[in-house]
Amino acid sequence: MEAPRAKIKDRLIIALDVPAADKALKLVNLLKGKVGMFKVGSQLFTTAGPQLVREIVSGGDKVFLDLKFHDIPRTVANAALEAVKIGVSMFNLHTMGGMDMMRLTIQETDRYCSTFKVPRPKIVGITVLTSLNQESFKRMGLERSVDEIVIRLSQLALETGLDGVVASPREIRAIREACGEGFIIVTPGIRPSWASADDQRRFATPREAIEAGADYIVIGRPITGSKAPLLSLERVLSELPSLQGGK
Ligand code: C5P
């Protein structure tokens, strides 16, 4: 049975990689209600700050705060609480920050959300940045393979209680196999066949990523950099396979 269209669009995250709040809000207003979440990353957050996040959230849209927290446990847990307070629906941290850091962050987030009866954001981990490869590992004195570490860190994230990980399209199947259903996989590096690759090297089409098992796909420039973002979004949605429900 064809899944409702709403479920498909809910799995799309738009990367708002723009240098100013007005540009971000223009995109949000244009794509409002048509996608699952808007991703606010380091560039936009550094210039526009929590006020922009509050504005997007108060307009009824969801925000994935992509600040990739990586610090000692108390610092990350405190930053996570601030993310909860501004109303984000998802945020991320580096699994390489260690299990104590992941545990404390989950614990504090759970505690705050149940005390103040606010929705608990999804917490997803970064394993190995896709900008690193085997050669980078070698130079850092790391001998294991990148693929092995990606799986190892995903399993630690699962064991610690994280909701999922951010993973490149080529890592989806192995992570799904290692961590099972129900573990969220968020996948950037998405390029429809008609779009420019930009600086993405190992990318997949939206359909390929969803079929490989991604729960959410993150897509930026093919939509945000398009002359007609709404048409480009419609084109992406029309190319997605019919999905069985949503997560
Ligand atoms: O414009 P584009 O679709 O390439 O945007 C992808 C987004 O996902 C960017 O915000 C980028 O920083 C992020 N990302 C990525 N690859 C990763 C992790 C995050 O492209 N491995």
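The paragraphs below set out a description of the structure included in this document. (Residues numbered from 1 in each chain as written. Predicted model: local features only at pLDDT ≥ 70, side-chain atom pairs only at ≥ 80, totals over all residues. Heavy atoms only, no water.)

Let's talk about the pairing of strand S4 (residues 90-94)
In terms of burial, S4 is a largely internal element, five of the five residues being buried. What you see with S4 is no split at all: Met90, Asn92 and His94 on one side and Phe91 and Leu93 on the other are buried throughout. Following the chain from strand S3 (residues 63-69) across helix H4 (residues 73-85) to the adjacent parallel S4, one finds a crossover that is right-handed. Relative to strand S5 (residues 122-126), S4 is paired through five bridges, and the arrangement is parallel. (Buried < 20%, exposed > 50% of the residue type's maximum accessible area, 1.4 Å probe, protein only. Helix = DSSP H or I, 4+ residues; strand = E, 2+ residues; numbered from the N terminus. Right-handed = clockwise from strand over helix to strand, strands pointing away. Pairing = 2+ DSSP bridges.)

A closer look at the packing of helix H2 (residues 21-31) against helix H11 (residues 229-239)
Axis separation between H2 and H11 bottoms out at 10 Å; the angle between their running directions is 50°. As judged from the angle between their axes, H2 and H11 are oblique. The two elements H2 and H11 cross, and the hand of that crossing is right-handed. Packed against H2, whose contacting residues are Leu27, Leu30 and Leu31, the element H11 presents Pro229, Leu230 and Leu233 at the interface. Split into classes, the residues belonging to the contact of H2 with H11 amount to six nonpolar, no polar and no charged. (Axes fitted to C-alpha atoms, helices over the stretch in contact; angles between N-to-C directions. Parallel < 35°, antiparallel > 145°, perpendicular 65-115°, else oblique. Left-handed = near helix turned anticlockwise from the far one by under 90°. Contact = heavy atoms within 4.5 Å. Nonpolar A, V, L, I, M, F, W, Y, C, P; charged D, E, K, R; others polar.)

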